[in-house]
Amino acid sequence: MGRTRFERAGRVTLVLLFLNLLALAVGLGVEYVLANRYPDLPEFNAGKIRLWSQPATYKPAALPPPATVSPEPTAAAERVCLQVTDFNQARYLEIQKITGAAGWTDGQCTYRFAKKLSWWVFWPPEYEVAQREKALQASRAAGVRDVLPITQGPMAQAFSLGVFTSEGTARQHRDGLRRKGLDRAEYGPRPGVGDGVLSCAPAKAEQVQSLLRSLPAWAKPLAADECADMGV
């Protein structure tokens, strides 16, 4: 009885082994026939068949590298130009405050006027005689040779302490006089300088928008070609 069961189990094992070998042989035969008859036919599950037949040499196909996306080019920033009309000291201080709040610093904005000597250093108006005499003496003691009293206009009763071609040289002279004790010395556009053009260094979009939102009526934005035509 026991021997009969053993023989039956052996026969079942042999049948299963035969069927597995038959299935493998059929699969390899089909692959061979298709490969020779239809060379362009895509290989479905070809990787698995190779894995069964040659497990030590099979390597999966490498995946293609991910596509790279080039960043979009950013628009180049342009200089900002303003037409300023009837420029004077009060308007100069106002435009300085506006450009500073928008992000520009000293030296990043330049002015162009028709007059060559368009900047000056001055002692603010003194309306009492004693104070005027004191300011005059202090200016001469500091080495200022050409002290010129102003008698007319909004800057009457002030003293001119020098005229200059650029904002930067006027600022430097003002700073030098302050180091010599003239702590009230100031600089700015000369009285009667008239209209001019303000040009500021290229800026970010948010700087430009901040500037445009704060512009007074006497400062008009200029297009880039208009700014170039004026030589700024």
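Residues numbered from 1 in each chain as written. Predicted model: local features only at pLDDT ≥ 70, side-chain atom pairs only at ≥ 80, totals over all residues. Heavy atoms only, no water.

Further remarks concern the overall build of the protein. Looking only at helices and strands, one finds seven helices and eight strands in the protein. In the protein, which comprises 232 residues, the share counted as buried stands at 30%. Of the contacts formed within the protein by residues at least 6 apart in sequence, a portion of 79% connects residues at least 24 apart. (Helix = DSSP H or I, 4+ residues; strand = E, 2+ residues; numbered from the N terminus. Buried < 20%, exposed > 50% of the residue type's maximum accessible area, 1.4 Å probe, protein only. Contact = heavy atoms within 4.5 Å.)

The next subject is the confidence of the model for the protein. Taken as a whole, the protein shows an average pLDDT of 80; of its residues, 65% reach a score of 70 or greater. Contacts from residues 41-53, a stretch scored under 50 in pLDDT, to residues over four places away or in other chains number nine contacts. Low confidence marks residues 70-75, where pLDDT is under 50. Its contacts with residues over four positions away, or in another chain, come to zero contacts. (pLDDT = per-residue confidence, 0-100.)

Turning our attention to the side chain of Q83. You can see Q83 is positioned in strand β1 (residues 80-87). For Q83, a relative accessible area of 18% gives the class buried. Within the structure, Q83 has its side chain in polar contact with the backbone oxygen of G196 (distance 3.3 Å). (Polar contact = N/O pair within 3.5 Å; in protein donor to acceptor, adjacent residues only side chain to side chain.)

Each aromatic ring pair is described using two quantities: the centre-to-centre distance and the angle formed by the ring planes. Evaluation of the coordinates by the stated rule reveals 11 aromatic pairs. Between the aromatic rings of F87 and Y92, the centroid separation amounts to 6.2 Å while the plane-to-plane angle is 85 degrees, which identifies the pairing as edge-to-face. Taking the centre distance of 5.2 Å and the plane angle of 35 degrees together, the rings of F87 and Y111 count as tilted. Taken together, the residues span a long stretch of sequence, with F87 in strand β1 and Y111 in strand β2 (residues 109-113) at a distance of 24 residues. (Phe/Tyr/Trp six-rings, centres within 6.5 Å; stacked < 30°, edge-to-face > 60°.)

Moving on, we come to unusual backbone geometry. The backbone of D86 shows a phi angle near 50 degrees, a positive value even though the residue is not glycine. As for its placement among the helices and strands, D86 is situated in strand β1. Phi angles above zero are rare outside glycine, and Q157 is one such case at about 80 degrees. With respect to the helices and strands, Q157 occurs in the loop between β4 (148-149) and β5 (159-164).

Okay, the nonpolar core next. Core analysis: the biggest nonpolar cluster contains 37 residues, and F87, I95, W104, Y111, L161, L182 and L211 have the highest contact counts within it. For this core, the secondary-structure elements that each account for two or more residues are β1, α3 (89-102), β2, β3 (119-123), α4 (129-141), β5, α5 (167-179) and β7 (194-200). Core analysis: the next-biggest nonpolar cluster, separate from the first, contains five residues, F122, I150, M155 and A158 among them. (Core = buried A, V, L, I, M, F, W, Y, C linked by side-chain atoms within 4.5 Å.)

With that settled, the discussion passes to the pattern of salt bridges. Throughout the structure, instances matching the rule amount to five salt bridges. R184 serves as the salt-bridge partner of E126, at 2.5 Å between the closest nitrogen and oxygen. A residue pair is termed long-range when its members are at least 10 positions apart, and E126 in the loop between β3 and α4 and R184 in the loop between α5 and β6 (186-189) qualify at 58 residues. What makes E126 buried here is its relative accessible area of 9%. (Salt bridge = Lys/Arg side-chain N within 4 Å of Asp/Glu carboxyl O.)

Turning our attention to α3. Here α3 contains 14 residues, and its C-alpha end-to-end distance of 20 Å stays within 8% of the 20 Å for a straight helix at 1.5 Å per residue. Restricting attention to buried positions, one finds in α3 the residues Q89, Y92, I95, I98, T99 and A102. One side-chain oxygen at the N-terminal end of α3 lies 3.2 Å from the backbone nitrogen of A90; it belongs to N88. (Expected span 1.5 Å × (residues − 1).)

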